[in-house]
Amino acid sequence: INKARIAPFATDLWSTGLKLSWDTPVYYLFMRLWLSLCSFINPNIWRGVEWILRFPSAVFGGAMLVLHYRFSRRLFDSRTVALVSLFFLAFSPFHLWYAQEARPYVFSAFITLLSSYFFYRFLMKKDALNLVGYVVSATVSLYTDYMSMVIVFTYGIFSLLQSRDRAKNTFVALLPLCLFLPWISLFLKRFSFIQRGFWVPSPSVSSLLITGENFIMGYNGTAVLYYCADFIILFTVISVCLRWKASILEHRELLYLILLSAVPVSVIFVVSKVFPLYLDRLFLVSTPYFYLLIAWAVAGMRHKGMRILMTIFLMITMMIAVYRYYNDEMYMPAQQKHHMGTHLKRPVRPLVRFLADNLTEHDYVWWGSFSCAFPLCVYATYLPEYRLGSSLAETMCTPFPSFLDTYESRHDQLRQRAFFVFSPGIINTSFKRPYTHEIFRNNTFFVSLDDALTRLEKGGRIFFLGYDWARSGSFDENSKHLKDFLDSSFPCMAQFNFDGVRLYVYRVPETSG
């Protein structure tokens, strides 16, 4: 689902990435250039659409390993600390989850770590090269992920806590924020939009512990593995407290890591008590510093045998979680608690293949939920072997609520045959707004039930896709309402189940209006 969200944005950057005022633009601009390059090299490159969209995240994930090792050696000059922390980053189920998605999280984590590296070097050397490197990388991170604003403020806090050149260092730390000012109005617009309604619940104190557990075991742990993660967190906290006085030469480095690990999580936690937006994936940028703290705690154990045992314990528990990740095993009993907004990744190709083989020029596709509409539209639009009937393929649109003023002509209305149909009075669970709100009304993908009925052709068919966001085999509220209406209005000819997406085929009678 997630990787396919990028394709419509990246291939039409000007109308979605820059004017949308929904997400920061750098990643989408990069993906636009990347996809243009791929298409130029090989026009048939879209046959491998999955790896094309995922490849940049994998590259930045690999580059992040090299950068993390350099950063670790720069802070502690310890090969043991660097290697242990590198293992954590390389085999982190949390990182692996996003390193194989076409979303900006890994790119943001890489560029944020790069800014941390340059900022620390600047504080040590006070040279122009590292100053420029920091300002550029931090500015790029701000235009990649709004979370970077908290990271930049953390650099400012760290500078204020130093004994020398506080004012100068703080000014340098916050300088990228000045370069972000041209985008600040759009950020405030989005923040205001979320403030008025968003699906994320207010976090509790236990949310902080769960975040640490997910940092270590990802979304693929078990109850036992999460208890192991709790032990690792407790061990690290105790080690830092006990060794703080004895590690006076490393106070600056430890403080740097502690602030970068804790401040972003703490700030978003406090803000979310008023404007809920606390999601663990937002904190991917903080994980390298968290892993480095754990590695420092392990490497500092005095007894060699205990140090080896602790290292083996960490490796075994994390590798079990990695194994579960590659086997699509998630900690289901506490899914909402531990994996808020995250679900198992399920294939869409079989569904698209079925639609491509069975849809005709007189048929319509009705979505009851739009979570898997992204990959379906991408496959149907870009893969030649999955192209649907010409009328349907030409009218596939970006299934995302927007601030764009995109009003369709009557000709387009008659031509469009695939859309999300909403029942009267249904509230969108993501944005806590009715589907009559302007962000849905301005997008041709969202159509009211009454409007959808006026577009039907006599003798045609309705391919109704009903499911919930997790594709668990159940219906969300809108899908249930539509299913009940269709059952009472049209004869059902067939039904299928595609990995949690339930497909029903209805016949529109010849006498239907």
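Keep in mind it's a predicted model, so treat the numbers as computed, not measured.

Thresholds applied
Residues numbered from 1 in each chain as written. Predicted model: local features only at pLDDT ≥ 70, side-chain atom pairs only at ≥ 80, totals over all residues. Heavy atoms only, no water. Phe/Tyr/Trp six-rings, centres within 6.5 Å; stacked < 30°, edge-to-face > 60°. Helix = DSSP H or I, 4+ residues; strand = E, 2+ residues; numbered from the N terminus. Buried < 20%, exposed > 50% of the residue type's maximum accessible area, 1.4 Å probe, protein only. Lys NZ or Arg CZ within 6 Å of the ring centre and 35° of its normal. Contact = heavy atoms within 4.5 Å. Axes fitted to C-alpha atoms, helices over the stretch in contact; angles between N-to-C directions. Parallel < 35°, antiparallel > 145°, perpendicular 65-115°, else oblique. Left-handed = near helix turned anticlockwise from the far one by under 90°. Expected span 1.5 Å × (residues − 1). Bend = angle between axes of the 7 residues up to and from the residue. Pairing = 2+ DSSP bridges. Core = buried A, V, L, I, M, F, W, Y, C linked by side-chain atoms within 4.5 Å. Salt bridge = Lys/Arg side-chain N within 4 Å of Asp/Glu carboxyl O. pLDDT = per-residue confidence, 0-100.

Asks: So what's going on with the packing of aromatic side chains? Residues and values would help.
Replies: The final tally for this structure, using the stated rule, is 50 aromatic pairs. With a centroid separation of 6.0 Å and 35° between ring planes, the pair formed by Phe 187 and Phe 191 is classed as tilted. Placement of the pair is Phe 187 and Phe 191 together in helix α11 (residues 181-195), with a separation of 4 residues, close to one helical turn. A relative accessible area of 24% places Phe 191 in the partly exposed class. Judged by centre distance (4.9 Å) and plane angle (45°), the ring pair of Phe 420 and Tyr 435 falls under tilted. Residue Phe 420 is located in strand β2 (residues 418-422), and its partner Tyr 435 is located in the loop between β4 (433-434) and α22 (438-441); the two are separated by 15 residues in the primary sequence. The class of Phe 420 is buried, set by a relative accessible area of 0%. Put simply, the rings of Phe 88, Phe 94, Trp 97, Tyr 98, Tyr 105, Phe 215, Tyr 219, Phe 290, Tyr 291, Tyr 325 and Tyr 326 touch in pairs and so form one group of aromatic residues. Over the ring of Tyr 504 we find Lys 483, and its NZ or CZ is 4.5 Å from the ring centre.

Asks: So, the side chain of Thr 139: which residues are in play, and what are the values?
Replies: Mapped onto the secondary structure, Thr 139 falls in helix α8 (residues 128-142). Its relative accessible area of 12% is what places Thr 139 among the buried residues. The contact partners of Thr 139, leaving out residues within four places of it in the chain, are Pro 176 and Leu 179.

Asks: If you had to explain the packing of helix α14 (residues 251-272) against helix α15 (residues 287-299) to someone new, which residues and values would you point to?
Replies: The angle between the axes and the distance between the axes are what describe a pair of packed helices. Remark: α14 packs on α15, axes separated minimally by 8 Å, with the N-to-C direction vectors making an angle of 135°. When the axes of α14 and α15 are compared, the pair comes out oblique. The way α14 lies across α15 gives a crossing that is left-handed. Contacts between α14 and α15 pair Leu 254, Leu 257, Ile 258, Leu 260 and Ser 261 from the former with Tyr 289, Phe 290, Leu 292, Leu 293 and Trp 296 from the latter.

Asks: A description of helix α4 (residues 49-76) should follow, citing residues and the corresponding values.
Replies: When the terminal C-alpha atoms of α4 are compared, their 42 Å separation across 28 residues agrees well with the 40 Å that a helix rising 1.5 Å per residue should span. Remark: the principal bend of α4, roughly 35°, maps to Phe 55, with a proline, Pro 56, within the next four residues. Phi turns positive one or two residues past the end of α4, at Asp 77, with a value near 50°.

Asks: Got a sec to walk through the pairing of strand β8 (residues 501-507)? Specific residues and values, please.
Replies: Judged by how many residues are buried, β8 sits mostly within the fold: 5 of 7 residues are covered. The sheet contact formed by strand β6 (residues 461-466) and β8 spans 6 bridges and is antiparallel. Bridging from a neighbouring strand, Phe 463 pairs with Val 505 of β8. The hairpin formed by strand β7 (residues 492-498) and β8 contains 2 residues between the paired strands, and Asp 499 there has a positive phi angle of roughly 50°.

Asks: Give a detailed account of the pairing of β6, specifying residues and quantitative values.
Replies: Among the 6 residues that make up β6, 6 are buried, leaving the element largely enclosed by the rest of the structure. Of the two faces of β6, both are covered, the one formed by Arg 461, Phe 463 and Leu 465 as well as the one formed by Ile 462, Phe 464 and Gly 466. Here strand β1 (residues 364-367) pairs with β6 via 4 bridges, running parallel. Looking across to β6, one finds that Tyr 364 is bridged to Ile 462.

Asks: Talk me through the environment of Cys 377; I want residue IDs and the actual numbers.
Replies: Inspection of the secondary structure assignment puts Cys 377 in helix α19 (residues 373-382). The exposure class of Cys 377 is buried, given its relative accessible area of 5%. Measuring from C-alpha to C-alpha, the distance between Cys 377 and Val 352 comes to 8.7 Å, with 25 residues separating the pair along the chain.

Asks: Before we move on, can you summarise the nonpolar core with the specific residues and values?
Replies: Ranked by size, the top nonpolar core spans 138 residues in total, and within it Phe 71, Tyr 134, Tyr 155, Ile 216, Tyr 256, Trp 367 and Leu 465 carry the most contacts. Per-element tally for this core: the top contributor is helix α7 (residues 105-125), with 14 residues. With sequence-adjacent residues up to four places away left out, Leu 465 is seen in contact with Leu 351, Val 365, Trp 366, Trp 367, Gly 368, Ser 369, Leu 376, Ser 479, Val 501, Arg 502 and Leu 503. If you look at the next biggest cluster of nonpolar residues, it comprises 16 residues, including Ile 462, Leu 482, Tyr 506 and Val 508.

Asks: Break down the pattern of salt bridges for me, citing the residues and quoting the values.
Replies: All chains considered together, the criterion is met by 7 salt bridges. In this structure, Asp 357 engages Arg 353 in a salt bridge whose closest nitrogen and oxygen atoms are separated by 3.1 Å. Pair noted here: Asp 357 and Arg 353 are both in helix α18 (residues 349-358), with a separation of 4 residues, about one helical turn. According to the relative accessible area criterion, Asp 357 is exposed, its value standing at 52%.

Asks: Provide a residue-level description of the confidence of the model for the protein chain, including the pertinent values.
Replies: Interpretation of the predicted coordinates at a detailed level should be avoided for regions scoring low in pLDDT. Here the protein chain shows a mean pLDDT of 84. Residues at 70 or above account for 85%. Long-range and interchain partners of residues 11-21, a stretch whose pLDDT sits below 50, account for 27 contacts in this model, where long-range means more than four residues apart. For residues 389-414, every residue scores under 50 in pLDDT, and the model assigns this stretch 71 contacts once sequence neighbours within four places are set aside.

Asks: So, the sheet that holds β8: which residues are in play, and what are the values?
Replies: Spatial ordering of the open sheet is given by β5-β2-β1-β6-β8-β7, a layout of 6 strands whose pairing is mixed. Strands at the two margins of the open sheet, each flanked by one partner only, are β5 (446-448) and β7. Across the sheet, the axes of successive neighbouring strands diverge by a mean angle of 30°, strand direction being ignored. Packed onto the sheet, α18 meets β6, β7 and β8 and runs at close to 175° relative to β6. Strands β1, β2, β6 and β8 of the sheet are contacted by helix α24 (residues 477-489), whose axis makes an angle of about 150° with β6.

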